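Listed below are the residues making up each chain.
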Amino acid sequence: MQDVIEKLKTLQDILSERYRIEQELKNIPKSLSTKTELLTRLKKQYIEKNEEYEGTRTRIRDIKTRMDEAERDREHYEQQMAEIKTQREYEALDKEIREAGEREQHLRKELQREERGLEEMKHSLEREELMISEQEKELEEEQSRIESESEKKRKQIDALKSQADDVTPGMEEGLLFKFDRIIRSKEGEGIVPLRKGVCSGCNMILPRQFVNDVRSAEAIHFCPYCSKIVFYVEDDQASPDDDAEGLMDVLDDDATGGLADLIDEDDSFVDEEELIDDLDSPLAPRDEDDDDEDEDEDDDTLVADDDEADVDEDDDDVDEVDDSDDDLDDEEEEEEENE
């Protein structure tokens with residue numbers, strides 16, 4: 001099983017590199033597509049501007065034709081001025097000459113405006129043609145570069161496939177299929193170490209029984225949270241950074257008792273209330289100074305008790321003397337009564 005784990009580690013590096021290159025190969029046409037879209041847009045703009053340019057040229061020709069007609073009409077009316085005989089004919093002919101002249105001047109201004117716009121459009125079209133030419137050149141160079149790069153990456157992919165084929169013989173097809181899917185979906189990571197009960201792939205604390213099963217290395221195990229293959233790593237094999245996580249291996253899920261496992265059966269954990277009760281009890285340990293003071297107090301108590309005992313004895317003796325005197329008095333009274 002350890003040999004299988006080592007093969008999976010090697011296969012993980014090969015597959016992750018292969019899929020990375022395949023993704024790059026897939027993304028290569030995107031840059032070409034962007035340049036192609038830009039070139040298409042430039043050509044479309046050029047066509048639209050060229051159509052507008054041709055429309056302006058058509059309007060200019062029409063303006064020139066009408067302006068020539070107005071000019072010919074004016075000259076014709078001016079020639080008729082010499083043949084007029086009445087004032088009314090003069091006024092009518094003068095009006096025709098003025099209208100023809102105004103129409104000619106209006107068309108001339110319009111012609112000048114259209115010619116300026118035509119000149120600007122011409123310069124714009126020249127710039128568009130230059131941009132299109134440069135873009136077409138860049139596109140050709142990009143296509144050549146992409147073909148070369150794509151061919152190079154395809155060779156790398158073929159080499160990685162050959163390396164993978166050298167590693168996979170003797171391994172289960174179902175395991176390889178699952179491992180391949182994990183590598184694709186988990187960004188190139190399919191097998192991770194299990195340190196101190198924590199999966200390195202998802203940083204989740206795993207059940208103790210599951211950790212023991214992984215440690216036994218009798219079968220391939222998948223993390224129940226991230227679905228990656230896990231293999232056990234001893235504490236001395238863990239990196240120094242994992243020492244800060246030392247406390248986490250005492251935590252477990254509901255199947256192992258949770259936080260209740262933190263409390264041992266020895267006296268290492270002392271409740272504050274129990275400590276206060278112990279201090280208040282007569283059996284509580286005391287300091288040496290307190291013991292000396294207690295001994296002095298005990299001595300004084302013993303001396304006082306002895307003195308009280310002596311006083312009590314003296315009182316008893318006095319009581320006995322008093323009792324004897326009372327007996328003598330009683331005898332004397334009896335004798336007097338008898339007499």
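Preceding this section is the structure that the text describes.
Bear in mind the structure is a predicted one, so any value in this text is a computation, not a measurement.

Topic: the overall build of the protein
For step 1, the next point in the chain: The helix and strand inventory of the protein stands at 6 helices and 4 strands.
For step 2, the next point in the chain: Listing each helix as α and each strand as β along the protein from the N terminus yields α-α-α-β-β-α-β-β-α-α.
For step 3, the next point in the chain: Relative to its full complement of 339 residues, the protein shows a buried share of 24%.
For step 4, the next point in the chain: Nonlocal contacts in the protein, meaning residues at least 24 apart in sequence, comprise 73% of its contacts between residues at least 6 apart.
For step 5, the next point in the chain: Approximately 24800 Å² of the protein is accessible, and the part contributed by carbon and sulfur atoms is 45%.

Digging into the pairing of strand β4 (residues 229-233)
For step 1, the next point in the chain: The element β4 is largely enclosed, with a buried count of 4 among its 5 residues.
For step 2, the next point in the chain: Relative to β4, strand β1 (residues 191-195) is paired through 5 bridges, and the arrangement is parallel. The partner of P193 across the bridge, within β4, is F231.
For step 3, the next point in the chain: As paired elements, strand β3 (residues 221-222) and β4 share 2 bridges and run antiparallel to each other. The residue bridging H221 from the neighbouring strand is V230, located in β4.
For step 4, the next point in the chain: Between β3 and β4, which pair antiparallel and follow one another directly, the connecting turn spans 6 residues, one of which, S227, has a positive phi of 70°.

Some thoughts on the pairing of β1
For step 1, the next point in the chain: Counting buried positions over the 5 residues of β1 gives 4, a clear majority of the element.
For step 2, the next point in the chain: Alignment of β1 against strand β2 (residues 198-199), held across 2 bridges, turns out to be antiparallel. Directly across from R195, in β2, lies its bridge partner V198.

Observations regarding the pattern of salt bridges
For step 1, the next point in the chain: Within this structure, the stated rule accounts for 21 salt bridges.
For step 2, the next point in the chain: E24 is the salt-bridge partner of R20, the closest N and O atoms lying 2.6 Å from each other. On the criterion of helical spacing, the pair formed by R20 and E24 is a turn pair, its members being 4 residues apart in helix α1 (residues 2-80).
For step 3, the next point in the chain: In this structure R20 comes out as partly exposed when scored by relative accessible area, which is 40%.
For step 4, the next point in the chain: For E24, a relative accessible area of 30% puts it in the partly exposed group.
For step 5, the next point in the chain: The salt bridge partner of K49 is E128, with a shortest N-O separation of 3.1 Å. Of the two residues, K49 is situated in helix α1 and E128 in helix α2 (residues 87-167); the sequence distance between them amounts to 79 residues.
For step 6, the next point in the chain: A relative accessible area of 30% places K49 in the partly exposed class.
For step 7, the next point in the chain: For E128, a relative accessible area of 7% translates into the label buried.
For step 8, the next point in the chain: Put simply, E17, R20, E24 and K153 are held in one network by salt bridges that share partners.

Some points on the nonpolar core
For step 1, the next point in the chain: Grouped together as the largest cluster of nonpolar side chains are 28 residues, with contacts concentrated most on L8, L11, L15, F179, I191 and I229.
For step 2, the next point in the chain: Mapped by element, the contributors of at least two residues to this core are α1, α2, α3 (173-185) and β4.
For step 3, the next point in the chain: It is α1 that provides the largest number of residues to this core, a total of 12 residues.
For step 4, the next point in the chain: Dropping the residues within four chain positions of it, I229 is found in contact with L8, L175, F179, G190, I191, V192, I220, H221 and F222.
For step 5, the next point in the chain: Counting residues in each nonpolar core, the second largest holds 10 residues, with F210, V211, V214 and V230 among its members.

Some words on the sheet that holds β1
For step 1, the next point in the chain: Sheet architecture is open: 4 strands sit in the order β2-β1-β4-β3, paired in mixed fashion. Both edges of this open sheet fall to β2 and β3, since each of them pairs with a single strand only.
For step 2, the next point in the chain: Most of the contacts of α1 go to β1, to which it runs at about 130°, and overall it touches β1 and β4.
For step 3, the next point in the chain: Where helix α4 (residues 208-216) meets the sheet, it contacts β1, β3 and β4, and its direction lies at approximately 80° from that of β4.

Quick notes on the environment of K196
For step 1, the next point in the chain: With respect to the helices and strands, K196 occurs in the loop between β1 and β2.
For step 2, the next point in the chain: For K196, a relative accessible area of 16% corresponds to the buried category.
For step 3, the next point in the chain: Spatially, the C-alpha atom of K196 lies 8.0 Å from that of V233, the residues being 37 residues apart in sequence.

So, the packing of α1 against α2
For step 1, the next point in the chain: As a packed pair, α1 and α2 sit with axes 5 Å apart at the nearest point and diverge in direction by 165°. In terms of their interaxial angle, α1 and α2 are classed as roughly antiparallel. At the point where α1 passes α2, the crossing takes the left-handed sense.
For step 2, the next point in the chain: Residues belonging to the contact of α1 with α2 are distributed by class as follows: 32 nonpolar, 14 polar and 35 charged.

Cut-offs used in this document
Residues numbered from 1 in each chain as written. Predicted model: local features only at pLDDT ≥ 70, side-chain atom pairs only at ≥ 80, totals over all residues. Heavy atoms only, no water. Helix = DSSP H or I, 4+ residues; strand = E, 2+ residues; numbered from the N terminus. Buried < 20%, exposed > 50% of the residue type's maximum accessible area, 1.4 Å probe, protein only. Contact = heavy atoms within 4.5 Å. Areas by Shrake-Rupley, 256 points an atom, 1.4 Å probe, with all protein chains shown as cover. Pairing = 2+ DSSP bridges. Salt bridge = Lys/Arg side-chain N within 4 Å of Asp/Glu carboxyl O. Core = buried A, V, L, I, M, F, W, Y, C linked by side-chain atoms within 4.5 Å. Axes fitted to C-alpha atoms, helices over the stretch in contact; angles between N-to-C directions. Parallel < 35°, antiparallel > 145°, perpendicular 65-115°, else oblique. Left-handed = near helix turned anticlockwise from the far one by under 90°. Nonpolar A, V, L, I, M, F, W, Y, C, P; charged D, E, K, R; others polar.

Geometric descriptors of this kind do not, in isolation, establish any biological role.
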